[in-house]
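Examination of the molecular architecture
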Amino acid sequence: MELTSEGRKVLRLCLRDEKGPSLLYTHGDMVETLPNCAVCLGGDEQELAGVNKNHGGVERVRSTPYTVPVHAAAYFRTEEDADTFRTTGKGRPWAVTVQGHPEYVTLGGRNVSFPGILEMAVKEYADVSAVRCCNVHVNEAMAKSIQKDTEEHFMEIETGSIGFIADAMITLGWM
């Protein structure tokens, strides 16, 4: 995830080399727009150009079906509160969300949930309507490659996932 300037204010513990956290994603559902009371914290770099400039409330067209404009967002009570945060960095959101799945770094997530989702994606690959609906094109070789890549980068993903959760808790005043 490429962080926005607002994302750098909120997500400090999970930063790695000035980039956002490494997380695991399964993009069958994607956030393409935000309400005016929300601030985009990060997303796909090529998609971020207009998200915050348009206050997130403008319909956007993705450049490919696999890019996701909004990976993480902070939600405020009002549009004015969001604007204050954008301009001054002051204020506390009432919710922080992420499209990634930090729960996949748990023992059950790593060994059961994530592999199960990859297996399901391979099965749905044969169903043309499911592929068209979810933009998921995963065959068995790709699933194995994704699983291997996940294992090779697991420490980085684990650090990003735990860091994101801690950052959200600090931002919300829970820690």
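Higher on the page you've got the structure.
Because the structure is predicted, anything quoted here is derived from the model rather than measured. (Residues numbered from 1 in each chain as written. Predicted model: local features only at pLDDT ≥ 70, side-chain atom pairs only at ≥ 80, totals over all residues. Heavy atoms only, no water.)

For the rest of this paragraph, the subject is the pattern of salt bridges. The tally for this structure, following the rule as stated, stands at two salt bridges. Across the salt bridge formed by aspartate 83 and arginine 86, the nearest N and O atoms sit 2.7 Å from each other. Here aspartate 83 pairs with arginine 86, and both are found in helix α2 (residues 79-88), just three residues apart, close to one helical turn. We note a salt bridge from lysine 148 to glutamate 152, for which the minimum N-O separation is 3.7 Å. Placement of the pair is lysine 148 and glutamate 152 together in helix α5 (residues 140-152), with a separation of four residues, close to one helical turn. Under the relative-accessibility criterion, lysine 148 is labelled exposed at 54%. (Salt bridge = Lys/Arg side-chain N within 4 Å of Asp/Glu carboxyl O. Helix = DSSP H or I, 4+ residues; strand = E, 2+ residues; numbered from the N terminus. Buried < 20%, exposed > 50% of the residue type's maximum accessible area, 1.4 Å probe, protein only.)

Moving on, we come to the pairing of strand β2 (residues 38-43). Successive residues of a regular strand alternate their side chains across the two faces of the sheet. Taken across its six residues, β2 has six buried, putting it largely inside the fold. With two bridges joining them, strand β1 (residues 2-3) and β2 adopt antiparallel strand pairing. Each bridged residue has a counterpart across the sheet, and for leucine 3 the counterpart in β2 is glycine 42. Alignment of β2 against strand β3 (residues 72-75), held across four bridges, turns out to be antiparallel. Across the sheet, alanine 38 pairs through a bridge with tyrosine 75, a residue of β3. (Pairing = 2+ DSSP bridges.)

Our next topic: the sheet that holds β1. A sheet is described by the order of its strands in space; here four strands give the open sequence β1-β2-β3-β4, paired in antiparallel fashion. At either end of the open sheet lies a strand with only one pairing partner, and these are β1 and β4 (95-98). Running at roughly 165° to β4, helix α6 (residues 154-171) makes contact with β3 and β4 of the sheet. (Contact = heavy atoms within 4.5 Å. Axes fitted to C-alpha atoms, helices over the stretch in contact; angles between N-to-C directions.)

Attention now goes to the environment of serine 113. Secondary-structure assignment places serine 113 in helix α3 (residues 107-125). Taking the C-alpha atoms as reference points, serine 113 and glutamate 103, 10 residues apart in sequence, are found 9.0 Å from one another. With residues near it in sequence (within four places) discarded, serine 113 still touches Tyr104 and Gly108.

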